[in-house]
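Single-letter residue listing:
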Amino acid sequence: MRRIAVIDAPSNLGLRPPTPTSVPGCAKAPGALRDHNLIARLGARDAGCLTPPRYDPGGWRPGDGVCHARSIAAYSRALADRIGAIIDRGEFPLVLGGDCSILLGAAIAMHRLGEEVGGRIGLAFVDGHSDFRHPGNASYVGAAAGEDLALVTGRGQADLTAIEGRRPYFRDIDVVVLGIRAQDEYRLDLQAAGIVTRPVPLLRAEGPARSAQWAKEQLADCAGYWVHVDVDVLDPSVMPAVDAPDDGGIAFPELELLLAGLVDSPHCLGMELTVFDPDYDPDGAYAAEIVSTLVAGLAPVYAPTPASATGTVVTPVDGAGERPADAAGTADSARASGMPTPPLRPVPTASARPGISGPGVGAPPAPAPRTNRAATGDAREADADAEIA
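Residues numbered from 1 in each chain as written. Predicted model: local features only at pLDDT ≥ 70, side-chain atom pairs only at ≥ 80, totals over all residues. Heavy atoms only, no water.

A. Examining the overall build of the chain more closely. Scanning the chain for helices and strands turns up 14 helices and eight strands. Counting the 389 residues in the chain, one finds 58% classified as buried. Accessible surface, the chain as shown: approximately 14,200 Å² in total, 53% of it carbon and sulfur. (Helix = DSSP H or I, 4+ residues; strand = E, 2+ residues; numbered from the N terminus. Buried < 20%, exposed > 50% of the residue type's maximum accessible area, 1.4 Å probe, protein only. Areas by Shrake-Rupley, 256 points an atom, 1.4 Å probe, with all protein chains shown as cover.)

B. Examining the packing of aromatic side chains more closely. For the structure on display, the rule yields one aromatic pair. Centroid distance Trp-60 to Tyr-140: 6.2 Å. Interplanar angle 45 degrees. Geometry classified as tilted. You can see Trp-60 sitting in the loop between β2 (45–49) and α3 (69–88) and its partner Tyr-140 sitting in the loop between β4 (121–126) and α5 (148–152), a full 80 residues away along the chain. For Trp-60, a relative accessible area of 7% corresponds to the buried category. Above the plane of the ring of Trp-214 lies Arg-198, whose end atom (NZ or CZ) is 4.3 Å from the centre. (Phe/Tyr/Trp six-rings, centres within 6.5 Å; stacked < 30°, edge-to-face > 60°. Lys NZ or Arg CZ within 6 Å of the ring centre and 35° of its normal.)

C. Quick look at the nonpolar core. Judged by nonpolar contacts, the single largest core of 57 residues is most densely connected at Ile-4, Leu-42, Met-271, Phe-276 and Leu-298. Leave out the neighbours within four places in its chain, and Ile-4 touches Leu-42, Ala-44, Arg-45, Phe-92, Leu-94, Leu-298, Val-301 and Tyr-302. One finds Val-95, Ala-107, Leu-123 and Ile-180 within the second-largest nonpolar core, a separate group that totals 52 residues. (Core = buried A, V, L, I, M, F, W, Y, C linked by side-chain atoms within 4.5 Å. Contact = heavy atoms within 4.5 Å.)

D. Main features of the environment of Ser-292. If you trace the backbone, Ser-292 turns up in helix α11 (residues 285–297). Given the relative accessible area of 33%, Ser-292 is considered partly exposed. In the structure, Ser-292 is positioned 259 residues away from Leu-33 in sequence and 10.0 Å away in space, judged by C-alpha atoms.

E. Local environment of the environment of Pro-93. Tracing the sequence through the fold places Pro-93 in strand β3 (residues 92–97). For Pro-93, a relative accessible area of 0% translates into the label buried. The spatial distance from the C-alpha of Pro-93 to the C-alpha of Ala-106 is 9.9 Å, given a sequence separation of 13 residues. Setting aside its immediate chain neighbours within four residues, Pro-93 contacts Ala-5, Ile-83, Ile-86, Ile-87, Trp-226, Leu-269, Gly-270 and Met-271.

F. A look at the pairing of β3. Burial within β3 is extensive, with six of its six residues counted as buried. Of the two faces of β3, both are covered, the one formed by Phe-92, Leu-94 and Leu-96 as well as the one formed by Pro-93, Val-95 and Gly-97. The pairing of strand β1 (residues 4–9) with β3 spans six bridges and is classified as parallel. The partner of Ala-9 across the bridge, within β3, is Gly-97. Here β3 pairs with strand β8 (residues 268–274) via three bridges, running parallel. Within the sheet, the bridge partner assigned to Val-95 lies in β8 and is Glu-272. (Pairing = 2+ DSSP bridges.)

G. Geometry of the environment of Ala-44. Examined against the element boundaries, Ala-44 turns out to sit in the loop between α2 (38–42) and β2. You can call Ala-44 buried: its relative accessible area is 0%.

So far we have only geometry, and geometry alone does not tell us how the molecule works.
What follows is the structure, encoded as structure tokens:
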């Protein structure tokens, strides 16, 4: 088992304003989830909050590129530092977004790690939309939360796709997409890029557990992998509190099984959760469902093993997320010896991280308009982009 470290990344920089006088509410998501005792129920360590820059689209117009690009780049570097520090402690980072632009921070952290060990890190992308809009397939771009998968695979402006001179953060062959709708506008672009997908109909036909196993098999050549989960993978009948609800999603029990299968591997390095908007959850019912799903789905990471190496039962105990002294000591010993936790796939060459595989590694408001992720600007263009997942 690993201790989970929960870090808040409440950035809404990747979305357009829901109305001309408001800001996206997903920045409130970490607090709403914490209100349901998420950290205590996971036995997790509270790794704090990385406060994002101010949300201010200003005079952005179509043709200006990604809105908030400079702020997103700076925030992504800082988030990558925080994620890397958690992994260096032998812990499992759980990043609470925020919108999908926080994937850039995780992507930079994973690329740094892959470079350090001489391997590649993969991405399991669980999302109701492909988020694959880029200058090569759209009239303009603007909202990074609708373009995050394109950006982390190297498509788009260099100030976001080549931070620290890294491009791409994830190779196309190291990405698996699960949960997009069958009619996703960019499904053929994904296919042409060689990015494998399992849309909802196929995911349901095969089952979430088998789909998780399939995804891990696709990433078998990677040293490890990161998991991205956008809660809009869920059907709006059970999760309308998102910026872009789209029919045809999965149910909470299916997400729980999918998540459990994906994290049930020492090669899963961490995960992020994005796009939940508490502005559309006034009584907290959806937040409670998300927390219950996370607690059950992440059990393979934190659940107690029958016994530690000394025969002592190991179990997460208190609200602060501290483990018993023997469990903490085991992790400390691993770090002191230079062996990372989790163990990653072995490499044939020497590495700073032994075990990583090498090269080749009131009344509720109505749901927000689906144009939040559309590039900000001309209404006609935004309406067209609203048909994008």
